[in-house]
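# Chain and residue survey
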Amino acid sequence: MDEHVEITRRKQVIRNILDEPIPEAIKKRLLKPLQPRKYKPPPSPSKKKTVKKHFIDAEFDPLYRVVKNILDEPIPETVKERLLKPLKPRKYHPIPPLRRKKAAKRKAIEEEFDPVPRSKSLRSVEDYEDEILEVFEEERKRRNNTLTFWQAPWTIGNFLRGWQMDVPKGEIHMGFLEVLDPYQVDPQVFLEVANPKIRKKLKEELKALGNLKFQLALKITLRKTTKELGGKTPLITFTDATFRHEQEPLLHPSEIGAALSRAFENIFEKIDKWTKEGSDWTIERVRTLWLNIARYQPLRGGSYIPLPKAVSNKKAVVNVQNQDDACLLWALLASIFRIEEHPERISHYYQYAKLLKFDGIDTPTPISQIPKVERQNKLAINVFGWGKGVIVYHVSKQHEAIKRINLLLIEKDGKTHYTWIKNLNRLLYDQNKHREKTYFCDR
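Because the structure is a prediction, the values reported are computed rather than measured. (Residues numbered from 1 in each chain as written. Predicted model: local features only at pLDDT ≥ 70, side-chain atom pairs only at ≥ 80, totals over all residues. Heavy atoms only, no water.)

## So, the sheet that holds strand 9 (residues 317-318)
Pairing is mixed across the open sheet formed by 5 strands, whose spatial order is 9-13-12-10-11. With partners counted over all chains shown, the strands left at the sheet margins are strand 9 and strand 11 (390-394), one partner each. Bridge analysis of strand 9 against strand 13 (residues 415-421) gives 2 bridges, and the strand direction is antiparallel. Bridge assignment links V318 to a residue of strand 13, and that residue is W420. Strands in contact with helix 10 (residues 327-336) are strand 9, strand 10 (380-386), strand 12 (404-412) and strand 13; relative to strand 13, the strand with the most contacts, it is inclined by about 10 degrees. Running over the sheet, helix 11 (residues 370-377) touches strand 10, strand 11 and strand 13 and is turned about 150 degrees from strand 10. (Pairing = 2+ DSSP bridges. Helix = DSSP H or I, 4+ residues; strand = E, 2+ residues; numbered from the N terminus. Contact = heavy atoms within 4.5 Å. Axes fitted to C-alpha atoms, helices over the stretch in contact; angles between N-to-C directions.)

Structural data, given as structure tokens:
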């Protein structure tokens, strides 16, 4: 309470001082215009510096007394807390770019895609028509009557590449009749003619990408003639259909011939299904061939890798301890010649190593070559993987009469290894919520 009274008293003193008239002597001094100071050179080092002391007579200077009273007052606690509290850093706001730079950048982008200055009048579409026709005419002459591949627009770097081969038009006779060569009408003849060019392109891509997968797509125009109900005028219908085969992996140029044979056969089967069985569709002509290519990194089996703990505890897998890259061979031998005691020891299988045919099979063996191993040895092989659960890599397409051999491909630190699954039901037991004895089909 005393502190409040003291503050009120001091405020009243300050008001009284401010209400006092200013003495004439101070008025003259304040109203007197300031004169420029006379330049004085700095004193020499030898002379002693003299400091003039200025004294203020508080009796004749009320401003001095006001300031002195204010400075003598104690700082309130609330003000102290606010002053001593550290300031929080402000949120950073980047400085916006100058409008001139933004306008210049926008102008550069516009000129890059539209080189015609905005100040000039733009040409109409009709003005560009002659130039567009000239470009198409040059492109047509370049491909005139030749089967050549040119890069498709969906090419993405070195991961996905597309190549397109357009079948040239036939010669025009008598002003309207188009005469076609056999390869322009028959897909089988066309693929025989284009085979060398496809082989050449696949070799180039193998050299550039290493391992790859490819797919051929053949576009054909089909024709169907039907009679109108109650009339004699036939109705002719045309349609375009594209026939593709399943993707074929390629790891070496020596595999190109066999892969193309399988691809052609698959395409011919699909064309036959379309044109036969009472569909009345006939082949009018061949239009376009596409060759799609993608980079391929196959999984390969290698030397011995310990089983994951979750798999090892089930006692359902035999893991042969080989030190070479032929783990597929040893896993197959373990499944054929079943050893009761210590089946993981490789010494049991040395005497049977030459009984399986592995001609042209790489070691370590990629999954893409499993069908080739099946055909050479008349086996049916399923390949599974192990992640958070079982993964299916390959399911055999061999005849159902052939007993299935189930292999588990495990992976660690970028290396892979084939093992033999001796009990598939035990391995897959916990893959569902049903905890009773379960039987799984491996076909």
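## Here we look at a nonpolar patch on the surface
The grouping of L63, V67 and L71 at the surface amounts to a nonpolar patch, some 320 Å² of accessible area in total. With respect to the helices, strands and loops of the structure, L63 is situated in helix 3 (residues 62-72). (Patch = residues over 30% accessible without salt bridge, like charges linked within 9 Å, V, L, I, M, F, W, Y side chains within 5 Å. Areas by Shrake-Rupley, 256 points an atom, 1.4 Å probe, with all protein chains shown as cover. Salt bridge = Lys/Arg side-chain N within 4 Å of Asp/Glu carboxyl O.)

## Section: unusual backbone geometry
At K315, a residue that is not glycine, the phi angle is positive and equals roughly 55 degrees. In this structure, K315 sits in the loop between helix 9 (309-312) and strand 9. By relative accessible area, which is 57% here, K315 ends up exposed. In this model, K378 sits at a positive phi of 55 degrees, which is unusual for a non-glycine residue. Note that K378 resides in the loop between helix 11 and strand 10. Judged by its relative accessible area of 70%, K378 falls in the exposed class. (Buried < 20%, exposed > 50% of the residue type's maximum accessible area, 1.4 Å probe, protein only.)

## Notes on the pairing of strand 10
Where burial is concerned, most of strand 10 is hidden: 7 out of the 7 residues are buried. Of the two faces of strand 10, both are covered, the one formed by A380, N382, F384 and W386 as well as the one formed by I381, V383 and G385. Alignment of strand 10 against strand 12, held across 6 bridges, turns out to be parallel. Looking at the pairing, A380 lines up with R404 of strand 12. Note: strand 10 against strand 11, 4 bridges, orientation antiparallel. Residue pairing in the sheet places W386 in a bridge with V390 of strand 11.

## Things to note about the nonpolar core
Side chains of a nonpolar character, in soluble globular proteins, are inclined to be buried together. Counting residues in each nonpolar core, the largest one holds 34 residues, and the members touching the most others are F190, I198, L202, F214, L216 and L289. Breaking this core down by element, the ones donating at least two residues are strand 2 (160-166), helix 7 (187-209), strand 5 (212-227), strand 6 (234-244), helix 8 (256-275) and strand 8 (281-295). Leave out the neighbours within four places in its chain, and F190 touches L147, M165, V167, Y183, L218, V286 and L289. Judged by nonpolar contacts, the second largest core, of 27 residues, contains A334, I381, L409 and Y418. (Core = buried A, V, L, I, M, F, W, Y, C linked by side-chain atoms within 4.5 Å.)

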